[in-house]
Amino acid sequence: MDQIRFFSEQVVWQEVPNETSLAFLICGCPLKCKGCHSAESWKATSGQILTENYLIHKLKQYQGLISCVLFMGGEWHAEQLLALLKCAKAERLNTCLYTGLEYDEVPTDLLSELTYLKTGRWIAERGGLNSLTTNQRFIDLRTGENLNHLFIKDII
């Protein structure tokens, strides 16, 4: 079985509104969107293996400092990602998945473990979550609310 790997890990504040997130950029994205800002992570064998033990260690390290765990990709390793999401939820943390898939393409068992979901492939001409013309959606799965408006800065 292929193992889920990550290219980078960092604490971030902008990717999930009102949350301090431990973010993992997962390797091996099969979508390969033109203009992707994370093309270096496309190779499935690059990066470091992300085990449950490693994640639990990091969650203990950041205990009280983070409120969410964000996986940028990984849905192509649904079973392994599911186990990691459950680890985060067991620590009473919110969870988020950034995916290029559409909502109805995300495995249902993953949806049940997620607090937030960013959907939609990167289309440079449409822009990202901070664009009014984006095809991407950022959804609070607890309420079903589209939170895109939180990414758009007021123009003065």
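Residues numbered from 1 in each chain as written. Predicted model: local features only at pLDDT ≥ 70, side-chain atom pairs only at ≥ 80, totals over all residues. Heavy atoms only, no water.

For the rest of this paragraph, the subject is the pattern of salt bridges. Inspection of every chain in the model, using the stated rule, returns four salt bridges. Of the charged contacts, one joins Lys-60 and Glu-91 as a salt bridge, the two residues approaching to 3.3 Å between their closest N and O atoms. One end of the pair, Lys-60, is in helix H1 (residues 52-61); the other, Glu-91, is in the loop between helix H2 (78-90) and strand S5 (94-98), with 31 residues separating them in the sequence. Residue Lys-60 is classed as partly exposed on the basis of its relative accessible area, which comes to 44%. Take Glu-91: its relative accessible area is 29%, and that puts it in the partly exposed class. Across the salt bridge formed by Asp-140 and Arg-142, the nearest N and O atoms sit 2.9 Å from each other. (Salt bridge = Lys/Arg side-chain N within 4 Å of Asp/Glu carboxyl O. Helix = DSSP H or I, 4+ residues; strand = E, 2+ residues; numbered from the N terminus. Buried < 20%, exposed > 50% of the residue type's maximum accessible area, 1.4 Å probe, protein only.)

At a closest axis distance of 10 Å, the pairing of H1 and H2 adopts a crossing angle of 25°. One way to sum up the angle between H1 and H2 is to call them roughly parallel. Remark: the crossing between H1 and H2 carries right-handed chirality. Residues Glu-52, Leu-55, Ile-56 and Leu-59 of H1 form the contact with H2, whose own contacting residues are Ala-83, Leu-84, Cys-87 and Ala-88. Each residue belonging to the contact of H1 with H2 can be placed in one class, and the counts come to seven nonpolar, no polar and one charged. (Axes fitted to C-alpha atoms, helices over the stretch in contact; angles between N-to-C directions. Parallel < 35°, antiparallel > 145°, perpendicular 65-115°, else oblique. Left-handed = near helix turned anticlockwise from the far one by under 90°. Contact = heavy atoms within 4.5 Å. Nonpolar A, V, L, I, M, F, W, Y, C, P; charged D, E, K, R; others polar.)

Bringing the sheet that holds strand S8 (residues 145-146) into the picture now. With respect to topology, eight strands assemble into an open sheet ordered S3-S1-S2-S4-S5-S6-S7-S8, the strand pairing being mixed. With one partner strand each, in any of the chains shown, strand S3 (48-49) and S8 form the two edges of the open sheet. As paired elements, strand S1 (residues 5-12) and S3 share two bridges and run antiparallel to each other. Its bridge partner being in S3, Arg-5 is matched across the sheet by Ile-49. Sitting on the sheet, H1 touches S1, strand S2 (21-26), S3 and strand S4 (68-72), and the angle it makes with S2 is about 155°. (Pairing = 2+ DSSP bridges.)

To continue, consider unusual backbone geometry. Even without glycine at this site, Asn-18 takes up a positive phi of about 65°. Structurally, the position occupied by Asn-18 is in the loop between S1 and S2.

Before going further, it helps to examine the packing of aromatic side chains. All told, the structure shown has six aromatic pairs when counted by the stated rule. Geometrically, the ring pair formed by Phe-24 and Phe-71 is stacked, given 5.9 Å between the ring centres and 15° between the ring planes. You can see Phe-24 sitting in strand S2 and its partner Phe-71 sitting in strand S4, a full 47 residues away along the chain. An aromatic cluster is built from Phe-6, Phe-24, Tyr-54 and Phe-71, whose rings are joined through pairwise contacts. (Phe/Tyr/Trp six-rings, centres within 6.5 Å; stacked < 30°, edge-to-face > 60°.)

With 13 residues, H2 extends 18 Å between its outermost C-alpha atoms, agreeing within 8% with the 18 Å of an ideal straight helix rising 1.5 Å per residue. Taken together, the buried positions of H2 are Gln-80, Leu-81, Leu-82, Leu-84, Leu-85, Cys-87 and Ala-88. Turning to H2, the residues buried within the fold contact H1, S4, S5 and helix H3 (108-111). One or two steps after H2, the chain reaches Arg-92, where phi turns positive at roughly 60°. (Expected span 1.5 Å × (residues − 1).)

A few words now on H1. Turning to H1, its buried residues number three or more, namely Leu-55, Lys-58 and Leu-59. Buried residues along H1 cover an arc of 100° about the axis, so they all sit on one side. Against S1, S2, S4 and H2 lie the buried residues of H1. (Arc of directions from axis to C-beta.)

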